[in-house]
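# Topology and contacts: notes
Below are the chains, spelled out letter by letter.
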Amino acid sequence: MVRKKGYPEALEKKLHDQRYYREDSNPEFLPKVKAISRTIAHMCFQCGTCTGSCPSAPRSTYRIRHFMRRAVLGLENEALTDPDLWLCTTCYSCTDRCPRDIAPTDVIMAMRNLAFKRDIIPVNFLKTVQAIYSSGHGVPNNDVNRAARERLGLTRDPPTTHMYPEYVKGIQKILDHYKLKANADRIVKEREG
Amino acid sequence: MAEKKKASTKKTEAKKQEVKHEAPVKQEAPVKMEAKTQAPAKVPVTTGPKVKPRIGVFICHCGTNIAGSIDIKAVEAYAKTLPYVVHADNYQYICSTPGQKKITDAIKEQKLTGTVVAACSPRLHEPTFRTATKEGGLNPFRFEMANIREQNAWVHMHDKEAATEKAKDAVRIAVAKASLLQDLTPKTVSVEKAAMVVGAGIAGMQAALDLAAAGIKTYLIEKSPSIGGRMSQLDKTFPTLDCSQCILTPKMVDVGRSPNIELMTYCDVESVEGFIGNFDVTIRKKARGVLSMPEAEAKGIVGGGCNGCGDCEPVCPVIKPNPFEMGMKPRKAIYIYHPQVVPLLYTIDWDSCVKCGLCVTACGEKKAIDLEQKDEFVKVKVGTAILATGFDLFPIEKKTEWGYKTYENVVTSLEFERLICASGPTSGHLIRPSDGETPKRVAFVLCAGSRDNAGIGKPYCSRFCCMYSLKHAHQIYEKIPGVASYLFYMDIRSFGKMYEEFYYRIQDEGAKFIRGRVANILEDPATKNLHVYADDTLLNRPVDMEVDLVVLAAAVQPGWDTDRTRKLFGVSCSSDGWLLEAHPKLNPCGTTTAGVFIAGVCQGPKDIPDTVSSAEGAASAASIPIHKGEVELEPYFAMCIEEKCAGCGMCVNLCPYSALALVEKDGRKVMEVTEAKCKGCGTCGGFCPGGAIWMNHFATPQIVAQIDAFFLGGER
Ligand SMILES: Cc1cc2nc3c(=O)[nH]c(=O)nc-3n(C[C@H](O)[C@H](O)[C@H](O)COP(=O)(O)OP(=O)(O)OC[C@H]3O[C@@H](n4cnc5c(N)ncnc54)[C@H](O)[C@@H]3O)c2cc1C
Ligand code: SF4
Ligand code: SF4
Ligand code: SF4
Ligand code: SF4
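Values in this document were obtained by computation on a predicted structure and should not be read as measured data.

### Quick notes on the site of ligand 3
- In the region of ligand 3, the neighbouring residues are Cys54(A), Pro55(A), Tyr62(A), Ile64(A), Cys88(A), Thr89(A), Thr90(A), Cys91(A), Tyr92(A), Ser93(A), Cys94(A) and Thr105(A).
- Partitioned by chemical class, the residues of the shell around ligand 3 number eight nonpolar, four polar and no charged.

### Some thoughts on the domain arrangement of chain B
- In terms of domains, chain B is made up of domain 1 (14-184), domain 2 (189-285 + 376-390 + 559-626), domain 3 (287-374), domain 4 (393-556) and domain 5 (638-695).
- Each of domain 4 of chain B and domain 5 of chain B has a C-alpha centre, and the two are 61 Å apart.

### Concerning the sheet that holds strand β3 (residues 85-91) of chain B
All names here are of chain B.
- Spatially, the four strands line up as an open sheet ordered β3-β2-β4-β5, and their pairing is parallel. Of all the strands in the sheet, just β3 and β5 (143-147) have a single pairing partner and so form its edges. For this sheet the average axis-to-axis angle between neighbouring strands, irrespective of direction, equals 15°.
- Summarising the sheet, strand β4 (residues 114-119) and β5 pair through five bridges and their orientation is parallel. The partner of Thr 115 across the bridge, within β5, is Phe 143.
- Contacting β2 (55-60) and β3, helix α3 (residues 72-79) runs over the sheet at an angle of about 170° to β3.
- Sheet contacts for helix α7 (residues 160-178): β2, β3, β4 and β5; angle to β5, the most-contacted strand, approximately 165°.

### A word on the state of the cysteines
All names here are of chain B.
- Per the stated rule, a full pass over the model turns up one disulfide over all chains.
- Residue pairing for Cys 243: its cysteine sulfur links by disulfide to Cys 246, the two sulfurs lying 2.2 Å apart. Judged by the torsion about the S-S bond (90°), the Cys 243/Cys 246 disulfide is right-handed.
- Unpaired in terms of disulfides, Cys 648 finds its nearest cysteine sulfur in Cys 651, a separation of 6.0 Å.
- A relative accessible area of 48% places Cys 648 in the partly exposed class.

### Description of the environment of Thr384(B)
All names here are of chain B.
- The topology assignment puts Thr 384 in strand β19 (residues 384-387).
- According to the relative accessible area criterion, Thr 384 is buried, its value standing at 0%.
- The spatial distance from the C-alpha of Thr 384 to the C-alpha of Ile 626 is 7.5 Å, given a sequence separation of 242 residues.
- Not counting residues up to four positions away in its chain, the partners in contact with Thr 384 are Ala 194, Ala 195, Met 196, Phe 279, Gly 595, Phe 597, Ala 622, Pro 625 and Ile 626.
- Among the polar contacts listed, one links the side chain of Thr 384 to the backbone oxygen of Ala 622, at a separation of 3.0 Å.

### Here we look at the site of ligand 1
Residue and element names in this part refer to chain B.
- Taken together, 36 residues form the shell around ligand 1, and within it Glu 222, Arg 230, Thr 565, Lys 606 and Ile 608 come nearest.
- Between ligand 1 and Val 601 there is a distance of 2.9 Å, counted from an oxygen atom to a backbone nitrogen or oxygen.
- Considered on its own, ligand 1 offers 1000 Å² of accessible surface; in the complex 97% of this is hidden by protein.
- Put simply, the parts of the chain that give the shell around ligand 1 at least two residues each are α8 (202-213), β8 (217-222), β9 (236-237), α13 (413-420), α14 (465-479) and α17 (608-628).
- Broken down by class, the residue content of the shell around ligand 1 amounts to 16 nonpolar, eleven polar and nine charged.
- Here the shell around ligand 1 spans two domains, and each of domain 2 (189-285 + 376-390 + 559-626) and domain 4 (393-556) adds at least three residues to it.

### Concerning the interface of chain A and chain B
- With 23 residues of chain A at the contact, the number on the chain B side is 23 residues.
- Summing both partners gives a buried area of about 2000 Å² for chain A against chain B, and 49% of it is carried by carbon and sulfur.
- On the chain A side of the interface with chain B, the three residues burying the most area are Tyr20(A), Arg22(A) and Arg69(A), jointly 35% of the side's total.
- Our count for the chain A to chain B interface comes out at three salt bridges.
- Residue Glu500(B) pairs with Arg100(A) through a salt bridge whose shortest N-O separation is 3.9 Å.

### Regarding the packing of helix α4 (residues 97-110) of chain B against helix α5 (residues 122-135) of chain B
Residue and element names in this part refer to chain B.
- Between α4 and α5, whose axes approach to 8 Å, the crossing angle comes to 35°. Considering how the two elements wind past one another, α4 and α5 form a crossing that is right-handed. Where α4 abuts α5, its residues Gln 100, Ile 103, Thr 104, Ile 107 and Lys 108 lie against Thr 128, Phe 129, Ala 132, Thr 133 and Glu 135.
- In the contact of α4 with α5, the residues fall into four nonpolar, four polar and two charged.

### Quick word on the packing of helix α8 (residues 123-135) of chain A against helix α11 (residues 180-192) of chain A
Residues and elements named next belong to chain A.
- Interhelical geometry of α8 versus α11 gives an angle of 135° and a closest axis separation of 9 Å. Taken together, the axes of α8 and α11 are oblique relative to one another. Here α8 and α11 pass one another in a crossing that is left-handed. Residue-level contacts link Val 123, Leu 126, Lys 127, Val 129, Gln 130 and Tyr 133 of α8 to Leu 180, Lys 181, Ala 184, Asp 185, Ile 187, Val 188, Arg 191 and Glu 192 of α11.
- Grouping the constituent residues of the contact of α8 with α11 by class yields eight nonpolar, one polar and five charged.

### Details of the side chain of Ser623(B)
Residues and elements named next belong to chain B.
- Locating Ser 623 in the fold gives a position in helix α17.
- A residue is classified by how much of its surface remains accessible, and Ser 623, at 10% relative accessible area, is buried.
- A polar contact of 2.8 Å, which involves the side chain of Ser 623, links it to the backbone oxygen of Ser 620.

### Section: the packing of aromatic side chains
Residues and elements named next belong to chain B.
- This structure, assessed with the given rule, holds 16 aromatic pairs over all chains.
- Here the aromatic rings of Phe 324 and Tyr 337 are separated by 5.9 Å at their centres, their planes lie at 20°, and the arrangement is stacked. You can see Phe 324 sitting in the loop between β14 (319-321) and β15 (330-332) and its partner Tyr 337 sitting in the loop between β16 (334-335) and β17 (347-348), a full 13 residues away along the chain.
- Between Tyr 489 and Phe 513 the ring centres are 6.1 Å apart and the planes differ by 85°, which places this aromatic pair in the edge-to-face class. Of the two residues, Tyr 489 is situated in strand β23 (residues 484-489) and Phe 513 in strand β24 (residues 512-515); the sequence distance between them amounts to 24 residues.

### Some words on the side chain of Thr218(B)
- With respect to the helices and strands, the residue Thr218(B) is situated in strand β8.
- With residues up to four places along the chain from it excluded, the contact list for Thr218(B) reads Ala195(B), Val197(B), Ala208(B), Leu211(B), Ala212(B), Asn260(B), Ile261(B) and Glu262(B).

### Some points on the nonpolar core
All names here are of chain B.
- Ranked by internal contacts, the top residues of the largest apolar core, which has 107 residues, are Ile 386, Ile 521, Val 550 and Leu 552.
- Residue contributions to this core peak at eight residues, all from α8.
- Not counting residues within four places of it along the chain, the set of residues in contact with Ile 386 comprises Met 196, Val 197, Val 198, Ala 207, Leu 211, Phe 597, Ile 598, Ala 599, Ala 618, Ala 619 and Ala 622.
- Within the second largest apolar cluster, 41 residues are counted, among which are Val 117, Ala 132, Met 145 and Ala 153.

### Topic: the sheet that holds strand β12 (residues 267-275) of chain B
Residue and element names in this part refer to chain B.
- The sheet built from three strands is open, its strands ordered β12-β13-β18 with antiparallel pairing. Each edge of the sheet is formed by a strand with only one pairing partner; in this case those strands are β12 and β18 (376-382). Between one strand axis and the next, the sheet turns by 20° as a mean value, whatever way the strands run.
- In this structure, β12 lies alongside strand β13 (residues 278-285), joined through eight bridges in antiparallel fashion. Bridging across to β13, Gly 274 finds its partner in Phe 279.

About the thresholds
Residues numbered from 1 in each chain as written. Chains lettered and ligands numbered in written order. Predicted model: local features only at pLDDT ≥ 70, side-chain atom pairs only at ≥ 80, totals over all residues. Heavy atoms only, no water. Near = heavy atom within 4 Å. Nonpolar A, V, L, I, M, F, W, Y, C, P; charged D, E, K, R; others polar. Domains from an automatic or database assignment. Pairing = 2+ DSSP bridges. Helix = DSSP H or I, 4+ residues; strand = E, 2+ residues; numbered from the N terminus. Axes fitted to C-alpha atoms, helices over the stretch in contact; angles between N-to-C directions. Contact = heavy atoms within 4.5 Å. Disulfide = S-S within 2.5 Å. Buried < 20%, exposed > 50% of the residue type's maximum accessible area, 1.4 Å probe, protein only. Polar contact = N/O pair within 3.5 Å; in protein donor to acceptor, adjacent residues only side chain to side chain. Areas by Shrake-Rupley, 256 points an atom, 1.4 Å probe, with all protein chains shown as cover. Buried area = accessible area lost by both parts, 1.4 Å probe. Salt bridge = Lys/Arg side-chain N within 4 Å of Asp/Glu carboxyl O. Left-handed = near helix turned anticlockwise from the far one by under 90°. Parallel < 35°, antiparallel > 145°, perpendicular 65-115°, else oblique. Phe/Tyr/Trp six-rings, centres within 6.5 Å; stacked < 30°, edge-to-face > 60°. Core = buried A, V, L, I, M, F, W, Y, C linked by side-chain atoms within 4.5 Å.

Written out as structure tokens, the structure reads:
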């Protein structure tokens, strides 16, 4: 627990206690992450192969190894509130190479799940939910793509909900079951008015 | 001496070398000496008919090790210009079979009288090239080595020209000596069919058991009242987690039972005289105050002596801390460390005994207790000896930042072993010393005092603390439900067989690893909890971890009496105090003193598997001279040129090995050398004012020729 010194606000912010204390760690976090990700997250020995493999790491401050460390130590707040959590491309390179046979990608997915439960999620992810709800696609087809498909001798629309819009309803049913759309609409509204 | 005067006159010429070559003494025909009745060296006689020296020079490339910094061809061409050199050659690796064949062939074809190899250090390959010289038909001592690798190529790699000149100097000097070398024959001495092992931890016990099994009478000397060493204090052993006592006790019993082992506990080595094959060792039998059954019988007390019944202990009024339990359990002034001691014999601590005599009464008819017993001295003769004196924990309170001995809930790893052990002071219930509560959060401080160059700690890695800290974490998970463990580490060194797997297992059990050396520890005075401060270098954040108990994986250091003991046996130590092996890779059990070997942690930190391997290695090495029955001594001993000896006797006191004496011969006093004792150090030879001492293989004319060759040149 960060110790406050009682300085004026600006100074307090500058000199804030950066230590981590035992109480900062939630002993329930690691078991939760493991249950959702179904991977042996506690076995990470911090070799860094994951970050070394990650295409996101050289282009950002995102460090998958850092999230693994937070999982092991139970630093839930820190992990879930870090905007870097959303920079994983889900390429699974780290999962391919981890020497302890952990799936770091799935650890990230588990943390995103837990973050969403606390309404922590970037708006663009929510807009993806809305797009899927309305079209069955996270990235719906557009005219540029359609032209490209034609040139390649394909149908203008792929054989998905684009070609068979009657199935969008089924997708909506699934999303409604998990209240995904409702939550997305609510949060977008709160943020964007 | 005459030669010296001539030699130092002017530029060397072949003629004068001829004169010098006539060394005034020749070694005697081989003699086999009995250790006790060594035949003294006979009066040296002059050499027979002169032979003009014919020297062969062989220059080694050592791959590019030498050839990379020295112009081999130039050195070879130069060698051919030197006096007496009739043959010069070079090769990639002279130590290889074809390289050695060049030497043997040249000796035969060129009728060489001496060989010179310019290559690496004689420490490495002198024996190799001596053998090659012998195989060519020459006496092996007709060989001389010029070190142009360690002392030249490796240090002058940036100056090829100067390095080449220096190599020429080295070859010229070696040739000058080789021209004067004489045939020498190593002497042999017989070897006593007995061995000694000092220290009866697992290393000493294993070595003694092996020697005994090989049919060798073995004296096992242990300074404390029981054998077993540190291993008997451990609860379980990594990585298999077998109970330490369970695997150790049978071995202790075997040691006590073996007819070939003479177990001498509560004894110190007092003095050592002699040399390989014939060490005369005096043992101090410290007064134990208690007679064993055989001792009682020898004193005519029929059916008496200590049978370990323990009747004495309850009546003793004096209570002291038991060092075996790290002071956490009481013992009396008459005590045994623990119930499994071997031998099962009580001991009196004279510093605390008040001589009330209650124990004597309690012992009754067994008459085992002698409150007036005095130390005794016993002399034994052995052929070889093994030192296995083990280790102590570094006094970790010296690192004040961790608060050992200041904060009650900071304990050492050995204290932890006793606290978690079912036979320990708490019957295996781990407690916080401050309040007896079961700790729920335990921090382990690895590298406590190891890998520390700040002067107070130890620069080396103590090598088993990573592994036993993992074991300790396992032990608390096993015994305390819901406990949390934090291992503060710099690296986890889990190098042995099944060790990395053990590390995996302990992490899987829930141990938390925090990579960062503990900076300091502070106590909360109200709760006696401890705040451990470190940097989680993987998270890049400082840590303040509040825990109930801290265990310091303290560094280890040589046992406190090791230094005195090693000096008695003439064994060196490295700068950190661990006993020095003859070669760190190729001779880790040997020492530079022939016939003395080292085993276990006294050579450097080792876990039990490595300790046992080193003990078996030392036992095997120590048994070789005993099984051979005789050993060869380097024929580098001093000889007296009796016609020059004035009998002043000044050399006698100078000799550090007491190898010299004055004797009556033909009505006058002359010096005499006990060759087996002489180590060839040359102290006497350098000193003798009359020049009456001839140092075989390092004789004055030989050395003068080398100096002349260096200063005056010697090219034809
Ligand atoms: C806390 C702790 C836990 C450990 N756990 C493990 C483990 O789980 N697994 C493992 O493999 N290893 C473990 N080790 C290492 C193990 O203790 C050593 O490898 C082993 O004890 C070394 O045996 P030794 O015979 O060389 O030395 P020691 O056990 O120290 O024995 C030396 C003996 O020589 C005697 N002695 C000393 N000087 C003299 C003298 N001058 N004259 C006569 N006698 C003398 C001593 O009294 C002692 O009996 C642990 C070590 C520690 C500190
Ligand atoms: S590759 Fe695996 S073990 Fe290594 S840091 Fe990443 S998650 Fe941990
Ligand atoms: S799956 Fe995510 S964390 Fe893993 S390498 Fe790809 S982008 Fe990086
Ligand atoms: S064995 Fe481990 S804890 Fe011990 S000194 Fe070496 S690295 Fe440190
Ligand atoms: S890194 Fe920290 S401890 Fe080290 S010198 Fe700098 S301020 Fe001091």
